[in-house]
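Residues per chain, in single letters:
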Amino acid sequence: MDMYDHRPGSAFDNSRFGHVDASASFFCTRRLNIGNRRTANVTSKYQQKQFVCANMSDKRSGSICKLNGVEGKAPFLIGVAGGTASGKSTVCKRIMEKLGQVDMDQKQRQVVCISQDSFYRDLTPKEIAKAEQGQYNFDHPDAFNETLMYETLKDVLAGKIVQIPSYDYKHHTLKKDEILTIYPADVVLFEGILVFYFPEVRKLFHMKLFVDTDSDTRLARRVPRDINERGRDLDQVLSQYMNFVKPAFEEFCSPTKKFADVIIPRGADNSVAIDLIVQHIRDILNNKRNSEERSISPPKVTVTPVGSPSKKVNASADIIFHRPH
Ligand SMILES: Nc1ncnc2c1ncn2[C@@H]1O[C@H](COP(=O)(O)OP(=O)(O)O)[C@@H](O)[C@H]1O
Ligand SMILES: O=c1ccn([C@@H]2O[C@H](COP(=O)(O)O)[C@@H](O)[C@H]2O)c(=O)[nH]1
């Protein structure tokens, strides 16, 4: 999806993706601009199990965390769940558009979006053969790498730069030559059919949205999409839908609607709901910015000695605390 930072020419050896020995890793050092204000030397570590830049400080103080000594922001993390073709990606795109994030350099973006599909497990050749016949269940929670999803989101929350693969729906594989770099942002949207299914992952979200589009509409959208964009034929799409997609939606996805803070009926058509969400995000960002500014220039605090309450130790203090008696 074009909202991601596609960096085919990144310093990462993409050909190793998913095929390295678990212990194999390599390092690269780059100079990166983070947001409008910061520049940091970032050393990134790439491993099969964890494709994140793992060499930055994990310490958080409030919403500020450190990136190799440079202060970075912990983002506001929004989960966007919903059935297949409910409009999750389109809703995320609308939110980004309304927040003025689309025609913007990837590194400057305050709002970024990550797809849960980047956390599908690597399939064995036998599983790929099954998938090609529409016999693999991509809608079951076991199809996802929960640990990696959790660890990556934790890193995102810690203000780290993370690198994730994009997903190739035609070949049912993670794209080894298309690693997405997610730079620290103010808001991170994480969208997918089962983003609220895993309890530990679910707990990480500051806000949870569920895109609720009726199943006829979803199927009517999925059929042409899968044929035109994902290389399927009609029989495959319908049999996969009946055998796996529909039952898994009912068993695993639909029950997670109860965890949502906001349910968006009709998806991207619901501009009222999207406007309300965008306004809420704006308010949160403004509050966050104000509190960050306050923490960057804290008011001067002076303690007046006990017994001399009228004696001002520092005449320029903005706040005076009295020691309790
Ligand atoms: N409100 C809408 N009206 C018409 N088509 C839509 C609408 N929302 C999404 N679509 C189309 O439906 C398909 C699935 O939408 P998408 O946002 O990718 O869903 P999801 O991310 O939930 O799978 C895409 O082809 C998209 O262009
Ligand atoms: O190789 C694959 C991987 C996934 N799928 C289907 O994709 C949807 C999830 O993506 P949405 O954009 O939310 O629709 C899921 O229902 C899987 O069935 C696939 O067909 N092949």
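Here is a short report on the structure shown in this document.

Thresholds applied
Residues numbered from 1 in each chain as written. Chains lettered and ligands numbered in written order. Predicted model: local features only at pLDDT ≥ 70, side-chain atom pairs only at ≥ 80, totals over all residues. Heavy atoms only, no water. Near = heavy atom within 4 Å. Polar contact = N/O pair within 3.5 Å; in protein donor to acceptor, adjacent residues only side chain to side chain. Areas by Shrake-Rupley, 256 points an atom, 1.4 Å probe, with all protein chains shown as cover. Helix = DSSP H or I, 4+ residues; strand = E, 2+ residues; numbered from the N terminus. Nonpolar A, V, L, I, M, F, W, Y, C, P; charged D, E, K, R; others polar. Expected span 1.5 Å × (residues − 1). Buried < 20%, exposed > 50% of the residue type's maximum accessible area, 1.4 Å probe, protein only. Disulfide = S-S within 2.5 Å. Pairing = 2+ DSSP bridges. Axes fitted to C-alpha atoms, helices over the stretch in contact; angles between N-to-C directions. Contact = heavy atoms within 4.5 Å.

Inspection of the region around ligand 1 gives Gly83, Ala85, Ser86, Gly87, Lys88, Ser89, Thr90, Arg221, Arg225 and Asp269 as its neighbouring residues. In the model, an oxygen atom of ligand 1 is placed 2.4 Å from a nitrogen or oxygen of the threonine 90 side chain. Coverage of ligand 1 by the protein amounts to 70% of the 550 Å² it exposes when considered alone. Those elements that provide at least two residues to the shell around ligand 1 are helix H1 (88-98) and helix H5 (215-228). For the shell around ligand 1, the leading source of residues is H1, giving three residues. In terms of residue class, the shell around ligand 1 is built from one nonpolar, five polar and four charged.

Between its terminal C-alpha atoms helix H7 (residues 271-296) stretches 37 Å, which fits the 38 Å expected from 26 residues at 1.5 Å a residue. Among all positions in H7, only Ala273, Ile274, Ile277, Val278, Ile281, Ile284, Leu285, Lys288 and Glu292 are buried.

Close to ligand 2 lie 17 residues; Thr84, Lys88, Asp139, Tyr167 and Arg222 are nearest. In this structure, an oxygen atom belonging to ligand 2 sits 2.8 Å away from a side-chain N or O atom of lysine 88. Between an oxygen atom of ligand 2 and a side-chain N or O atom of histidine 172, the distance comes to 2.8 Å. Considering ligand 2 on its own, with 470 Å² of exposed area, one finds that the protein chains cover 97% of that surface. Residue assignment for the shell around ligand 2 shows that the elements contributing at least two residues are H5 and helix H6 (234-253). Tallied by class, residues from the shell around ligand 2 come to seven nonpolar, three polar and seven charged.

What follows covers the state of the cysteines. Inspection of every chain in the model, using the stated rule, returns zero disulfides. Free cysteine: cysteine 113, not disulfide-bonded; nearest cysteine sulfur from cysteine 92 at 3.9 Å.

Okay, the sheet that holds strand S12 (residues 262-265) next. Spatially, S7-S10-S6-S11-S12 is the arrangement adopted by the five strands of the open sheet, whose pairing is parallel. Sheet topology places strand S7 (111-115) and S12 at the edges, where each strand pairs with a single neighbour. Direction aside, the axes of adjacent strands within the sheet are offset by 20° on average. The strands touched by H1 are strand S6 (76-82), S7, strand S10 (187-191), strand S11 (207-212) and S12; relative to S10, the strand with the most contacts, the crossing angle is about 165°.

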